[in-house]
Amino acid sequence: MIFESAEEAPHGHGLGILTGALRKLSPGHTRQQMQGIRLEIKYPKCRLLNGLAEETWMYVVHSYAADTDENLVAATCEYGTSVTALIELDNIWATQFHAEKSGLDGQKVTKNFVGLLSGSNK
């Protein structure tokens, strides 16, 4: 809903808060992707990733990925091609992974998010 459109609902429109669309994962790869992924951090100053190691793993379950402006992409993962895993734009974040299922690294992302909401983690 946060993007302009999604292949999952070709006749619908998103809110357009972020530019881009959700597209099906690359052909030739299992859909739905359900596994741990290694984040490739593109924007080290991303506030959700504050305090995480350079090699961070998260858990995903998805069949679609964001095709968006590369300036929004804070982290990607590899699944046959580079897939957007985390977006940051001002005070808007969108993750492709499930922080709540991602162990200690996921807990840190959640703690960072709560801190940002409360103003204690700027």
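This text follows the structure it describes.
Numbering of residues starts from 1 in every chain and runs along the sequence as written. Since the coordinates come from a predicted model, pLDDT governs what is reported: local features require at least 70, and pairs of side-chain atoms require 80 or more to be given and counted, while whole-chain, interface and lining totals use all residues. The side-chain numbers reported here are obtained from all heavy atoms of the structure, hydrogens and water having been left aside.

Participant: Which parts of the structure should I look at to understand the nonpolar core?
Facilitator: Across soluble globular proteins, nonpolar side chains have a tendency to be buried as a group. Here, nonpolar core means buried Ala, Val, Leu, Ile, Met, Phe, Trp, Tyr and Cys residues that are tied together by side-chain atoms lying within 4.5 Å of each other. Only protein chains enter the accessibility calculation, which uses a 1.4 Å probe. A residue is then buried if its area is under 20% of the maximum for its type, exposed if over 50%, and partly exposed in between. Among the nonpolar cores identified, the biggest contains 22 residues, and Leu39, Leu49, Leu86, Phe97 and Val109 are the most heavily contacted of them. Setting aside anything within four residues of it in sequence, one finds leucine 86 in contact with Cys46, Leu48, Leu49, Leu72, Val73, Ala74, Ala75, Ala94, Thr95 and Phe97. Residue contacts are defined here by distance: any two heavy atoms, one from each residue, within 4.5 Å place the two residues in contact.

Participant: Would you explain the sheet that holds strand S1 (residues 5–6) in this entry?
Facilitator: The criterion for strand pairing is that DSSP finds at least two bridges linking the strands in question. A helix here means a DSSP run of H or I that spans at least four residues, while a strand means a run of E at least two residues long, and both kinds are numbered starting from the N terminus. Taken in spatial order, the 3 strands make up an open sheet running S1-S2-S5, and their pairing is mixed. Single-partner strands in this sheet number two, and they are S1 and strand S5 (64–67). Direction of pairing for strand S2 (residues 21–24) relative to S5: antiparallel, over a ladder of 4 bridges. Each bridged residue has a counterpart across the sheet, and for leucine 22 the counterpart in S5 is alanine 66.

Participant: What am I meant to see in a nonpolar patch on the surface here?
Facilitator: For patch detection, residues must exceed 30% relative accessible area and be free of salt bridges, and they are connected within 9 Å for like charges or within 5 Å for nonpolar side chains (Val, Leu, Ile, Met, Phe, Trp, Tyr). Shrake-Rupley sampling with a 1.4 Å probe provides the accessible areas, and residues are treated as covered by the protein chains on show and by no other component. The term salt bridge refers to a pairing of a side-chain nitrogen on Lys or Arg with a carboxyl oxygen on Asp or Glu at a separation within 4 Å. Taken together, the side chains of Met1, Leu15 and Ile17 make up a nonpolar region of the molecular surface, amounting to roughly 370 Å² of accessible area. Residue position: leucine 15 is located in the loop between S1 and S2.

Participant: Can you help me understand the packing of aromatic side chains in this one?
Facilitator: What characterises a pair of aromatic rings is the spacing of the ring centres plus the angle enclosed by the ring planes. Classification of ring pairs uses Phe, Tyr and Trp, with its six-membered ring standing for Trp, and accepts pairs whose centres are within 6.5 Å; under 30 degrees between planes counts as stacked, over 60 as edge-to-face, and the remaining range as tilted. On inspection of all chains with the given rule, the structure shows 1 aromatic pair. Taken together, a centroid distance of 6.0 Å and an interplanar angle of 90 degrees make the contact between tryptophan 93 and phenylalanine 113 edge-to-face. With tryptophan 93 in strand S8 (residues 92–95) and phenylalanine 113 in helix H1 (residues 103–118), this residue pair connects regions lying 20 residues apart in the sequence. Owing to a relative accessible area of 16%, tryptophan 93 belongs among the buried residues under this scheme.

Participant: Would you mind going over the state of the cysteines with me for this structure?
Facilitator: Cysteine pairs can be linked by a disulfide, which is a covalent bond between their two sulfur atoms. In this description, a disulfide is simply a cysteine sulfur pair whose atoms lie within 2.5 Å. In total, this model carries 0 disulfides according to the counting rule given. For cysteine 46, which is in no disulfide, the shortest distance to another cysteine sulfur is to cysteine 77 and amounts to 15 Å.

Participant: When you look at the pattern of salt bridges in this model, what are you seeing that I'm missing?
Facilitator: Any two side chains of opposite charge can pair if their charged atoms end up close together. Taken as a whole, this structure holds 3 salt bridges when the rule is applied. A salt bridge links glutamate 7 to arginine 23, with the nearest nitrogen and oxygen atoms 3.8 Å apart. Residue glutamate 7 is located in the loop between S1 and S2, and its partner arginine 23 is located in strand S2; the two are separated by 16 residues in the primary sequence. As a salt-bridge pair, arginine 47 and glutamate 88 come within 3.5 Å of each other at their nearest N and O atoms. Remark: glutamate 88 occurs in strand S7 (residues 82–89) and arginine 47 occurs in the loop between strand S3 (33–41) and strand S4 (56–62); sequence separation between them is 41 residues. What makes glutamate 88 buried here is its relative accessible area of 11%. Connected through shared salt-bridge partners, Glu7, Arg23 and Asp67 make up one network.

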